[in-house]
Amino acid sequence: MSKMLKIVIIGFAVYFAATAIVLQLYQADPENMSWQERETFNLKQIGRLNLGTPRDDVIRLLGSPDISEAKVTDSGEILILFYRTHHVKSDGITTRDECTPLLFKDSKLIAWGADAYSEYQSF
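Let me begin by describing the structure that accompanies this report. Starting afresh in each chain, residues are numbered from 1 along the sequence in its written order. Per-residue local features of the predicted model are confined to residues with pLDDT of at least 70, and side-chain atom pairs are confined, for both listing and counting, to 80 or more; whole-chain, interface and lining totals are unaffected and use all residues. Only heavy atoms go into the side-chain values, all of them from the structure, while hydrogens and water stay out.

1. Let's talk about the overall build of the chain
If you tally the helices and strands in the chain, you get four helices and four strands. Secondary structure follows DSSP: runs of H or I at least 4 residues long count as helices, runs of E at least 2 residues long count as strands, and numbering of each begins at the N terminus. Written out in order from the N terminus, the α and β elements of the chain read α-α-α-β-β-β-β-α. Each radius of gyration is computed over the set of C-alpha atoms, and the globule rule expresses the reference value as 2.2 Å times the number of residues to the power 0.38. Computed over the C-alpha atoms, the radius of gyration of the chain is 21 Å, more than 25% above the 14 Å expected from 2.2 N^0.38 for a compact globule of 123 residues. Counting only C-alpha atoms, the chain reaches 75 × 35 × 20 Å along its principal axes. Exposed residues in this analysis have more than 50% of their type's maximum accessible area, buried residues have under 20%, and partly exposed residues fall in between, with area computed by a 1.4 Å probe over protein chains only. Here the chain, with 123 residues, has 30% of them falling under the buried criterion. Residue contacts are defined here by distance: any two heavy atoms, one from each residue, within 4.5 Å place the two residues in contact. If you take every contact in the chain between residues at least 6 apart in sequence, the share linking residues at least 24 apart comes to 49%. Only the protein chains shown count as cover for residues, with accessible areas throughout obtained via the Shrake-Rupley method and a probe of 1.4 Å. In the form shown here, the chain has an accessible surface area of approximately 8500 Å², with 59% of it arising from carbon and sulfur atoms. Here Asp and Glu are counted as negative and Lys and Arg as positive; His is not counted, and neither are the chain ends. By convention, the point assigned to a charge is CZ for Arg, NZ for Lys, CD for Glu and CG for Asp. Averaging the positions of the 13 positive and the 16 negative side-chain charges in the chain gives two centres separated by 11 Å.

In structure tokens:
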């Protein structure tokens, strides 16, 4: 019985080691996700962002935006990247109302969400 116990313990140790290696090395690629997986991924990652995060870091994390727009104002360049975060209509088209907008001023994240986008539209 002690030989069987050793085999079981070694088996669990190998399993946990393999799992730890996969979790350390795996990097999610938003481009290869289904739209449902990508919505969940985007929502989770956007919740972890900090104000001031560089635009390139956000794109590296979330991948290409679903929609983007930009405007030059008296106070600088404003860029909005829209990432799909919730399902509204099953029509195969991603629209702004299915996305969370991320606002960047001079390539730094300054705000996100529907209220921030509404304020941007009044500039």
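2. As for the environment of W35
The residue W35 is located in helix α2 (residues 35-46) in this model. A relative accessible area of 39% means that W35 is categorised as partly exposed. Along the primary structure W35 and T85 are separated by 50 residues, whereas in three dimensions their C-alpha atoms are 9.3 Å apart. For W35, the contacting residues outside a window of four places in its chain are R84 and H87.

3. Side note on the environment of Q36
One can find Q36 in helix α2. Each C-alpha atom of the pair Q36 and K108 lies 28 Å from the other, and the pair is 72 residues apart in sequence.

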